[in-house]
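Okay, here's what each chain looks like letter by letter:
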Amino acid sequence: MPSSTASRPPSTRWRAGAGRAGPGGSVVAMWIETVTGILREAAETAIVPRFRALAEGEVSEKSPGELVTVADREAEELISRRLREVVDAPVVGEEAAAADPGLLDALRLAPTAWLVDPLDGTANFVAGRPEYAVMAALVRGGETVAAWIVRPADGRAYVAERGSGSWRDGIRVRREPAPPRAAELRGAALTGFLDPTTRAHVDASAPHFARLGPGTRCAGVDYPRLLDGEQDFVLYQRTLPWDHAPGTLLLSEAGGTALRPDGSRYRPADTGAGLLNAADRRCWDTVRPLLLP
């Protein structure tokens, strides 16, 4: 299980030093609680009232197999508007980028940009399952510098600031090292976007581990489960930035490892595929050759 300390989160710990750069005076820290509140507001007003109560016509397909609901769109509009009031920067939202893929250029070209996933796990939400989340990240110079995951079903909020740690409901979280043997490791592999050969290899690797499941179809749930010690690794193939920028920062700041299968770092503007997340580097090195050809 992860270890936690009772230290105060960045937004409280550094408020007295607001405006100064460097340790003890992060400007980003001033926004942690504000953005958490924005995501909670979106959940309370646009998402939770529609959970298991979606009306006819409030669900559609934005692409084959990809659902979108009125809750996604309303939450993104609210979050985007409010985030611009915090930092006037481009907002790359999942639904806006689906309509205008050119918005993704902001992650590479703009000095600062917001990323928003207004309702991660939409398919779960439509099916009435509680594995869904609201997520955001702040990107500067192509790097994720702050991250938020709010889970309306259990009320939990996970936040991180680059260089300052990860926090769950105000308590700092450190991911404990995973067991050393593959046979003791528990993980998930999302195989839906893998080619048939790689998918077959992943499926055949299952006996090497204590457990290998399909994940929850919600990065906003799977990353916290990894952070909290409920699983030791997660493999993704599709790595859309709004799905993975928040979780990779949270995991890295908690002591975990988030790397591409070739060992390179994940960056939000990258267009590559594949991401293996693990409790620590030793776990990553153990899982990588077993899981992937």
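Residues numbered from 1 in each chain as written. Predicted model: local features only at pLDDT ≥ 70, side-chain atom pairs only at ≥ 80, totals over all residues. Heavy atoms only, no water.

A. Expanded view of the overall build of the protein. For the protein, the count of helices and strands is 10 helices and 15 strands. Here the C-alpha atoms of the protein give a radius of gyration of 18 Å, agreeing with the 19 Å that 2.2 N^0.38 yields for 293 residues. Counting only C-alpha atoms, the protein reaches 50 × 50 × 35 Å along its principal axes. Surface accessibility of the protein: about 12400 Å² in total, with carbon and sulfur atoms responsible for 51%. The distance from the centre of the 35 positive side-chain charges to the centre of the 38 negative ones in the protein is 6 Å. (Helix = DSSP H or I, 4+ residues; strand = E, 2+ residues; numbered from the N terminus. Rg over C-alpha atoms; globule rule 2.2 N^0.38 Å. Areas by Shrake-Rupley, 256 points an atom, 1.4 Å probe, with all protein chains shown as cover. Lys, Arg positive; Asp, Glu negative; His and termini not counted. Charge placed at Lys NZ, Arg CZ, Asp CG, Glu CD.)

B. Examining the packing of aromatic side chains more closely. Counted according to the given criterion, the structure contains six aromatic pairs. Between the aromatic rings of Y223 and Y236, the centroid separation amounts to 5.8 Å while the plane-to-plane angle is 15°, which identifies the pairing as stacked. Of this pair, Y223 sits in helix α8 (residues 219–227) while Y236 is found in strand β13 (residues 233–236), placing the two residues 13 residues apart along the sequence. The pair Y223 / Y236 is uniform in exposure class, with both members buried. Taken together, F51, F125 and Y132 form an aromatic cluster joined through their ring pairs. (Phe/Tyr/Trp six-rings, centres within 6.5 Å; stacked < 30°, edge-to-face > 60°. Buried < 20%, exposed > 50% of the residue type's maximum accessible area, 1.4 Å probe, protein only.)

C. Molecular detail of the nonpolar core. If you look at the biggest cluster of nonpolar residues, it comprises 33 residues, and the most contacted ones within it are L39, I47, I79, W114, L138 and W148. Looking at this core, the elements with two or more residues in it are α2 (32–47), α3 (70–86), β5 (112–120), β6 (133–140), β7 (143–151) and β8 (156–161). Among the elements that line this core, the one with the most residues is α2, at eight residues. Those residues within four positions of I79 in sequence are excluded, and the remaining contacts are I38, L39, A42, V116, P118 and V134. (Core = buried A, V, L, I, M, F, W, Y, C linked by side-chain atoms within 4.5 Å. Contact = heavy atoms within 4.5 Å.)

D. Region of interest: the pattern of salt bridges. Tallying each qualifying case throughout the model produces 21 salt bridges. When the shortest N-O distance is used, the salt bridge between R50 and E74 registers 3.1 Å. You can see R50 sitting in the loop between α2 and β2 (59–63) and its partner E74 sitting in helix α3, a full 24 residues away along the chain. One network of salt bridges, with partners in common, ties together R156, R168, D169 and D228. (Salt bridge = Lys/Arg side-chain N within 4 Å of Asp/Glu carboxyl O.)

E. Quick peek at the packing of helix α7 (residues 196–205) against helix α10 (residues 281–291). One way to put it is that α7 packs onto α10 with a least axis distance of 9 Å and a crossing angle of 120°. Taken together, the axis directions place α7 and α10 in an arrangement best described as oblique. Here H201, V202 and S205 of α7 lie close against α10, whose contacting residues are P289, L290 and L291. Counted by class, the contact of α7 with α10 contains four nonpolar, two polar and no charged residues. (Axes fitted to C-alpha atoms, helices over the stretch in contact; angles between N-to-C directions. Parallel < 35°, antiparallel > 145°, perpendicular 65-115°, else oblique. Nonpolar A, V, L, I, M, F, W, Y, C, P; charged D, E, K, R; others polar.)

F. Region of the structure containing helix α9 (residues 241–253). For α9, built from 13 residues, the straight-helix expectation of 18 Å at 1.5 Å per residue is met to within 8% by its first-to-last C-alpha distance of 18 Å. Across the 13 residues that make up α9, a large majority, 12, are buried. Among the residues of α9, those classed as buried are P241, W242, D243, H244, A245, P246, G247, T248, L249, L250, L251 and E253. Positive backbone phi, at 100°, marks G255, one or two positions downstream of α9. (Expected span 1.5 Å × (residues − 1).)

G. Geometry of the pairing of β6. For β6, the tally of buried residues reaches seven of eight residues, placing the bulk of the element in the interior. Across seven bridges, the pairing between β5 and β6 is antiparallel. Bridging from a neighbouring strand, W114 pairs with L138 of β6. Taken together, the seven bridges between β6 and β7 define a ladder with antiparallel strand orientation. Paired with L138 across the bridge in β7 is A146. (Pairing = 2+ DSSP bridges.)

H. α8, seen in detail. Counted residue by residue, α8 has eight buried out of nine residues, so it is predominantly covered. Looking at α8, one finds that the buried residues are A219, G220, V221, D222, Y223, P224, L226 and L227. One or two residues past the end of α8 sits G229, with phi positive at roughly 85°.

I. Molecular detail of the side chain of T216. Assignment of secondary structure puts T216 in the loop between β12 (211–213) and α8. Given the relative accessible area of 12%, T216 is considered buried. At a separation of 3.1 Å, a polar atom in the side chain of T216 contacts the main-chain carbonyl oxygen of C218. The residues contacting T216, other than those within four sequence positions of it, are N124, E131, V221, D222 and R225. (Polar contact = N/O pair within 3.5 Å; in protein donor to acceptor, adjacent residues only side chain to side chain.)

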